[in-house]
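Chain by chain, the residues run as shown.
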Amino acid sequence: MNLSDKLGILHQLYFATSIAILPTCRAVLRSPSLLLRPHALSRVFMVHVWSQFGPGIDENTQGIKEALITPNAHGVVLDVGAGYGHTAKYLQAERVTKYVPLEPNVLMHDEIRKHAAEHGFTEANGKLLILSYGAQDTNLINSALGGENAVDSIVAVLTLCSIPSPKEVCESLFERVLKPGGTFVYYEHVQSPREDVAWWQWFWTPLWKKFFDGCCIDRPTHLWIDAMPFWAEKESKRQEDEPEGHLFHHRIGKYVKKA
Ligand SMILES: C[S@@+](CC[C@H](N)C(=O)[O-])C[C@H]1O[C@@H](n2cnc3c(N)ncnc32)[C@H](O)[C@@H]1O
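Predicted model only: the values in this text are computed from it and were never measured. (Residues numbered from 1 in each chain as written. Predicted model: local features only at pLDDT ≥ 70, side-chain atom pairs only at ≥ 80, totals over all residues. Heavy atoms only, no water.)

Here the structure, examined in full by the defined rule, presents 21 aromatic pairs. When the ring of Phe15 is compared with that of Phe53, the centres are 5.7 Å apart and the planes differ by 65°; the resulting orientation is edge-to-face. With Phe15 in helix α1 (residues 3-30) and Phe53 in helix α2 (residues 38-60), this residue pair connects regions lying 38 residues apart in the sequence. Classification of Phe15 by relative accessible area gives partly exposed; the value is 42%. A network of ring pairs unites the aromatic residues Phe174, Phe184, Tyr186, Phe230, Trp231 and Tyr255 as a single cluster. (Phe/Tyr/Trp six-rings, centres within 6.5 Å; stacked < 30°, edge-to-face > 60°. Helix = DSSP H or I, 4+ residues; strand = E, 2+ residues; numbered from the N terminus. Buried < 20%, exposed > 50% of the residue type's maximum accessible area, 1.4 Å probe, protein only.)

What follows is about the site of the ligand. Taken together, 20 residues surround the ligand, and among them Gly81, Glu103, Ala135, Gln136 and Val157 come closest. Here a nitrogen atom of the ligand sits 2.8 Å away from a polar atom, N or O, in the main chain of Gly81. In this structure, Gln136 approaches the ligand through a side-chain N or O atom, which is 3.0 Å from a nitrogen atom. Computed on the free molecule, the ligand has an accessible area of 600 Å², of which 95% lies beneath the protein chains in the complex. (Near = heavy atom within 4 Å. Polar contact = N/O pair within 3.5 Å; in protein donor to acceptor, adjacent residues only side chain to side chain. Areas by Shrake-Rupley, 256 points an atom, 1.4 Å probe, with all protein chains shown as cover.)

Our next topic: α2. Here α2 contains 23 residues, and its C-alpha end-to-end distance of 31 Å stays within 8% of the 33 Å for a straight helix at 1.5 Å per residue. Of all the bends found along α2, the most pronounced is centred on Trp50 and spans about 40°. Within the sequence span of α2, burial applies to Ser42, Val44, Phe45, Met46, Val47, Val49, Trp50, Gly54 and Asp58. Contacts from the buried residues of α2 go to α1, α3 (62-68) and α7 (195-211). (Expected span 1.5 Å × (residues − 1). Bend = angle between axes of the 7 residues up to and from the residue. Contact = heavy atoms within 4.5 Å.)

Right, let's talk about the sheet that holds strand β6 (residues 249-257) for a bit. Across the sheet, which stays open at both edges, the 6 strands sit in the order β2-β1-β3-β4-β6-β5 with mixed pairing between neighbours. Sheet topology places β2 (96-102) and β5 (231-238) at the edges, where each strand pairs with a single neighbour. In this sheet, neighbouring strand axes are inclined to one another by 15° on average, regardless of whether the strands run parallel or antiparallel. (Pairing = 2+ DSSP bridges. Axes fitted to C-alpha atoms, helices over the stretch in contact; angles between N-to-C directions.)

This part covers the environment of Leu160. Of note, Leu160 is situated in the loop between β3 (151-157) and α6 (166-177). Spatially, the C-alpha atoms of Leu160 and Tyr186 are 8.9 Å apart, while their sequence positions differ by 26 residues. Residues in contact with Leu160, not counting those within four places in the same chain, are Pro166, Cys170, Phe184, Glu188, Arg219, Thr221 and Ile225.

Backbone geometry places Leu158, a non-glycine residue, at a positive phi of 55°. Summarising the element assignment, Leu158 is placed in the loop between β3 and α6. Taking the relative accessible area as the measure of exposure, Leu158 reaches 18% and is therefore buried. One non-glycine residue with positive phi stands out, namely Asp213, at about 50°. If you trace the backbone, Asp213 turns up in the loop between α7 and α8 (221-227). Classification of Asp213 by relative accessible area gives buried; the value is 19%.

With that out of the way, let us pick up the pattern of salt bridges. On inspection of all chains with the given rule, the structure shows 10 salt bridges. Between Glu244 and Arg194 there is a salt bridge, with the nearest N and O atoms lying 3.7 Å from each other. Here the residue Glu244 occupies a position in the loop between β5 and β6, and Arg194 occupies one in the loop between β4 (178-190) and α7, the gap between them amounting to 50 residues. Residues joined by salt bridges that share partners form a network here, namely Asp58, Lys65 and Lys89. (Salt bridge = Lys/Arg side-chain N within 4 Å of Asp/Glu carboxyl O.)

Together, Leu3, Leu7, Leu10 and Leu207 make up an exposed nonpolar region whose accessible area comes to about 340 Å². The biggest single contributor to the nonpolar patch is α1, with 3 residues. Considering the arrangement of structural elements, one finds Leu3 in helix α1. According to the relative accessible area criterion, Leu3 is exposed, its value standing at 60%. (Patch = residues over 30% accessible without salt bridge, like charges linked within 9 Å, V, L, I, M, F, W, Y side chains within 5 Å.)

Moving on, we get to the packing of α1 against α7. Their axes nearest at 10 Å, the elements α1 and α7 cross at an angle of 5°. Overall, the two elements α1 and α7 adopt an arrangement that is roughly parallel. From α1, Lys6, Leu7, Ile9, Leu10, Gln12, Leu13 and Thr17 reach across to α7, where they touch Trp200, Trp204, Leu207, Trp208 and Phe211. Here the residues of the contact of α1 with α7 are counted per class, giving 9 nonpolar, 2 polar and 1 charged. (Parallel < 35°, antiparallel > 145°, perpendicular 65-115°, else oblique. Nonpolar A, V, L, I, M, F, W, Y, C, P; charged D, E, K, R; others polar.)

Rendered as structure tokens:
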């Protein structure tokens, strides 16, 4: 690893903070009680961070998403941690009966609506259902969808790094929300297989997660998912064009649940 691999994250932190700090301060001036609600404050910050970073990241990963999401997402699609709803543009309107963005940060919902509508998913035509729950709220998700195992496809893009108790929450989503025979696809940053990189990921995570809504860069999410007993088919690989010393080590996965 070179020095910029180890310390480059500080530059990203500085850049994100310089973008989000002013609008976040303005929000505090409008609503000072935010200072007593650190989680709500962190979500305001994240909205501004993602409005700057989200479109660029989406553009840079377009090829990966077209190969991963477009051919595999069908029927009722649950987009875990939908952010601004960038996933909508990778869905084929004729194969997807309902787009269900799961996004606990309600400040992002207007943008989800806008992106979804551009691709044929609206509440008026019955093809959009925005849920403001977290991935851990399995019971609420199921009751909003009319029962257990009602989802044909689960999509997770850069989200499993932020959810609480990720292993248990994923197990619950796969067991109780995904249909037998359904598909799960992810594009996530995970713990690096290289020990030196993994050490730096571990080192920076406590600081990084404070700024980015709980985002942990040191989770071996791919290993947890691989080891789960639900799969009839599983396929996962690293993002090949990414330097090995990179702190954000991305993986791409496609899984089919046993029928
Ligand atoms: C880095 S953004 C990615 C957004 C989107 N998937 C994309 O690729 O543009 C992570 C998202 O996860 C959401 N999130 C945070 N905690 C969550 C939870 N417990 N359950 C579901 N989503 C969560 C955040 O609000 C944020 O929108």
